[in-house]
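Architecture and fold: a report
What follows is the residue order along each chain.
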Amino acid sequence: MSTKLETRDLHVSVDGKEILSGIDLSVGGGEVVALMGPNGSGKTTLFMALMGHPRYSITRGSILLNGIDITKAPPEERSILGIMMAFQNPVPVPEVRLTTLITAMVNKRMNRKITDSPPPQVVAELVKSVGDVGLTQSHLSRGANHGFSGGEAKRSEVLQLLMAKPKVALLDEPDSGLDVDGVAAVGKAVSKLAERGTAVLLTTHQARILHYVSPKRVLVLKGGKIATQGGLELVEEIEKMGYEAFLRR
Ligand SMILES: Nc1ncnc2c1ncn2[C@@H]1O[C@H](COP(=O)(O)OP(=O)(O)OP(=O)(O)O)[C@@H](O)[C@H]1O
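How each quantity is defined
- Residues numbered from 1 in each chain as written.
- Predicted model: local features only at pLDDT ≥ 70, side-chain atom pairs only at ≥ 80, totals over all residues.
- Heavy atoms only, no water.
- Pairing = 2+ DSSP bridges.
- Helix = DSSP H or I, 4+ residues; strand = E, 2+ residues; numbered from the N terminus.
- Axes fitted to C-alpha atoms, helices over the stretch in contact; angles between N-to-C directions.
- Contact = heavy atoms within 4.5 Å.
- Near = heavy atom within 4 Å.
- Polar contact = N/O pair within 3.5 Å; in protein donor to acceptor, adjacent residues only side chain to side chain.
- Areas by Shrake-Rupley, 256 points an atom, 1.4 Å probe, with all protein chains shown as cover.
- Parallel < 35°, antiparallel > 145°, perpendicular 65-115°, else oblique.
- Left-handed = near helix turned anticlockwise from the far one by under 90°.
- Buried < 20%, exposed > 50% of the residue type's maximum accessible area, 1.4 Å probe, protein only.
- UniProt positions renumbered as here; feature names shortened; annotations may be inferred.
- Salt bridge = Lys/Arg side-chain N within 4 Å of Asp/Glu carboxyl O.

This brings us to the sheet that holds strand β3 (residues 32-36). Ordered in space as β6-β9-β10-β3-β11-β12, the 6 strands form an open sheet in which the pairing is mixed. Edge positions in the open sheet fall to β6 (83-86) and β12 (225-230), since each of these has one partner strand only. Across this sheet, the average inter-strand angle for adjacent strands is 20°, counted without regard to direction. One ladder, built from 4 bridges, connects β3 with strand β11 (residues 217-222); its direction is parallel. Looking across to β11, one finds that Ala-34 is bridged to Val-218. Across the sheet, helix α1 (residues 43-51) is in contact with β3, β6, β9 (168-172), β10 (199-203) and β11; its angle to β9 comes to roughly 150°.

A word on the site of the ligand. For the ligand, the set of nearby residues contains 16 residues, the closest of which are Asp-15, Gly-40, Lys-43, Thr-45 and His-205. Thr-44 places a side-chain nitrogen or oxygen 2.9 Å from an oxygen atom of the ligand. Burial of the ligand by the protein chains amounts to 66% of its free accessible area of 650 Å². At the level of elements, β2 (17-28) and α1 are the ones that each hand at least two residues to the shell around the ligand. Among the elements that take part in the shell around the ligand, α1 stands out by supplying 3 residues, more than any other.

This part takes up the packing of helix α4 (residues 120-132) against helix α6 (residues 150-164). Between two packed helices, what matters for the description is the angle formed by their axes and the separation of those axes. Running from N to C, α4 and α6 cross one another at 150°; their axes reach a closest spacing of 10 Å. By the angle class used here, α4 and α6 are roughly antiparallel. Relative to α6, the crossing made by α4 is right-handed. Across from Val-122, Glu-125, Leu-126, Ser-129 and Val-130 in α4, the residues of α6 making contact are Leu-159, Leu-162 and Met-163.

So, about the pairing of β3. Judged by how many residues are buried, β3 sits mostly within the fold: 5 of 5 residues are covered. Here β3 shows two buried faces, one formed by Val-32, Ala-34 and Met-36 and the other by Val-33 and Leu-35.

The UniProt feature table records "domain: ABC transporter" (unreviewed entry) at residues 5-248. The distance from the first to the last C-alpha atom of residues 5-248 is 30 Å, and the span holds 39% helix and 30% strand.

On to the pattern of salt bridges, then. One pass over the structure, following the stated rule, counts 10 salt bridges. The shortest N-O distance in the salt bridge between Lys-216 and Glu-31 comes to 2.9 Å. Within this pair, whereas Lys-216 is found in the loop between α8 (210-213) and β11, its partner Glu-31 is found in the loop between β2 and β3, the two being separated by 185 residues in sequence. Residue Lys-128 pairs with Asp-132 through a salt bridge whose shortest N-O separation is 2.8 Å. Of this pair, Lys-128 and Asp-132 both sit in helix α4, separated by 4 residues, roughly a single helical turn. Judged by its relative accessible area of 32%, Asp-132 falls in the partly exposed class. Among the charged side chains, a network of salt bridges with common partners joins Glu-125, Lys-165 and Arg-196.

In structure tokens:
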């Protein structure tokens, strides 16, 4: 069955303050939906709520995965159901080598013991994917994201998604801090994820990555609400006008 993630009238508060006020969205397997909006409009808040972060309280509305209400599901359950997030500021995990982390995720997906050695085809795929995202084998043997440059950490997050093959991928500004080649590499990797059937929601402030991922829809958030939605033409308007004028038009 093809994946479908939906939110209905989603209201989210942080520390008692309402940040999102009635978000309705839907993203299906194989689709990319881009989320844009000025700083502070609520993009990260939406992703944290979708992941089930306990600080983000859902005060009204629901989150559905393939029609099943997961609004109250703990983060571990959402992860097991196949929802995975790449963070705006990836967290270093010095104690766990990147290769160990990726092997554990792949083993979990394949219902193997998480400490098992990966099968040869997975090793071959990992070697290729490391090259595709512009990292090197030496990054694999370092603590995950530990001492990685900003751009390397973003590439590492996308590498993890490529290998974990989640049903739903939430990418929070996957292009921030990346050089031109990095945006191309990450853009192509995100596109590959969608081609393989993952439902992709991504936030960005730049048009460039969207030319690689061809989003089905672009949603523009303002003050915790979807102000408008459409196609890539919205991105061109935002680039030309800036958010203030765009949202006033
Ligand atoms: N504990 C809190 N109390 C009050 N406001 C908060 C709290 N936590 C977050 N906010 C506010 O929620 C709003 C949404 O933040 P969020 O990080 O979701 O925005 P964003 O759209 O991802 O922004 P950016 O583009 O800058 O990454 C911001 O205005 C932020 O200051």
